[in-house]
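# Summary of the model geometry
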Amino acid sequence: SVSAQRDRISELLRSVGFRVAATCSAAEGLALMVRRFVDLVVCGTHLPDMSGCEMSRSLKSLRCVPQHCPIPVILVSDENEASTTAALRSGADLV
């Protein structure tokens, strides 16, 4: 399930010293990033309220993110090569 995958990734990142803030939707994630700076975004390609590609584009356009210091985006996908290419074109740094 999506929540189990989110929990596993969160736990993995915590185990190597990252502080993790997990959200259930793109809207929650974007709202969080307006309130506090994050070093990395990991999200799925299929979110309840938008695609991971849309999330990546929205993140790249947030005014609170300094242009000289973009936030890396990793999209987690089990999709085909075309979807991976689309994700990278949307601004994701790794798929």
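Higher on the page you've got the structure.
The present account deals with the structure reproduced in this document. Note that the coordinates shown come from a computational prediction; the quantities given were computed from them, not determined experimentally.

Here the idea is plain: a probe the size of a water molecule rolls over the atoms and shows the empty space left. Of the voids in this model, the largest pocket is the one considered here, and its volume is about 990 Å³. Forming the walls of the largest pocket are 35 residues, and the residues nearest its centre are Ala21, Ala22, Val41, Val42 and Cys43. Listing elements by their share of the lining of the largest pocket, those giving two or more residues are helix H1 (2–15), helix H2 (26–35) and strand S1 (41–44). Ranked by residues supplied to the lining of the largest pocket, first place goes to H1 with 6 residues. In terms of residue class, the lining of the largest pocket is built from 21 nonpolar, 9 polar and 5 charged.

Put simply, H2 and helix H3 (residues 52–60) touch, their axes get as near as 11 Å, and they point 20° apart. Of the possible angle classes, the one that applies to H2 and H3 is roughly parallel. Pair H2 / H3 crosses with right-handed handedness. Note on element contacts: H3 touches H2 through Met55, Ser58 and Leu59, opposite Ala26, Gly29, Leu30 and Met33. Residue classes in the contact of H2 with H3 are distributed as 5 nonpolar, 2 polar and no charged.

Now for the nonpolar core. Ranked by size, the top nonpolar core spans 13 residues in total, and within it Leu30, Met33, Val41, Met55, Leu59 and Val73 carry the most contacts. Counting residues per element, the ones that place at least two in this core are H2, S1, H3 and strand S2 (73–76). If near-sequence neighbours (up to four positions away) are discounted, Val41 is found in contact with Met33, Met55, Leu59, Ile71, Pro72, Val73 and Ile74.

Parameters at a glance
- Residues numbered from 1 in each chain as written.
- Predicted model: local features only at pLDDT ≥ 70, side-chain atom pairs only at ≥ 80, totals over all residues.
- Heavy atoms only, no water.
- 1 Å grid on protein atoms, 1.4 Å probe; cavity = no way out; pocket = protein on both sides within 12 Å on 5 of 7 lines; lining within 4 Å.
- Points joined across faces, edges and corners; volume = space filled by probe spheres on them.
- Helix = DSSP H or I, 4+ residues; strand = E, 2+ residues; numbered from the N terminus.
- Nonpolar A, V, L, I, M, F, W, Y, C, P; charged D, E, K, R; others polar.
- Axes fitted to C-alpha atoms, helices over the stretch in contact; angles between N-to-C directions.
- Parallel < 35°, antiparallel > 145°, perpendicular 65-115°, else oblique.
- Left-handed = near helix turned anticlockwise from the far one by under 90°.
- Contact = heavy atoms within 4.5 Å.
- Core = buried A, V, L, I, M, F, W, Y, C linked by side-chain atoms within 4.5 Å.
- Buried < 20%, exposed > 50% of the residue type's maximum accessible area, 1.4 Å probe, protein only.

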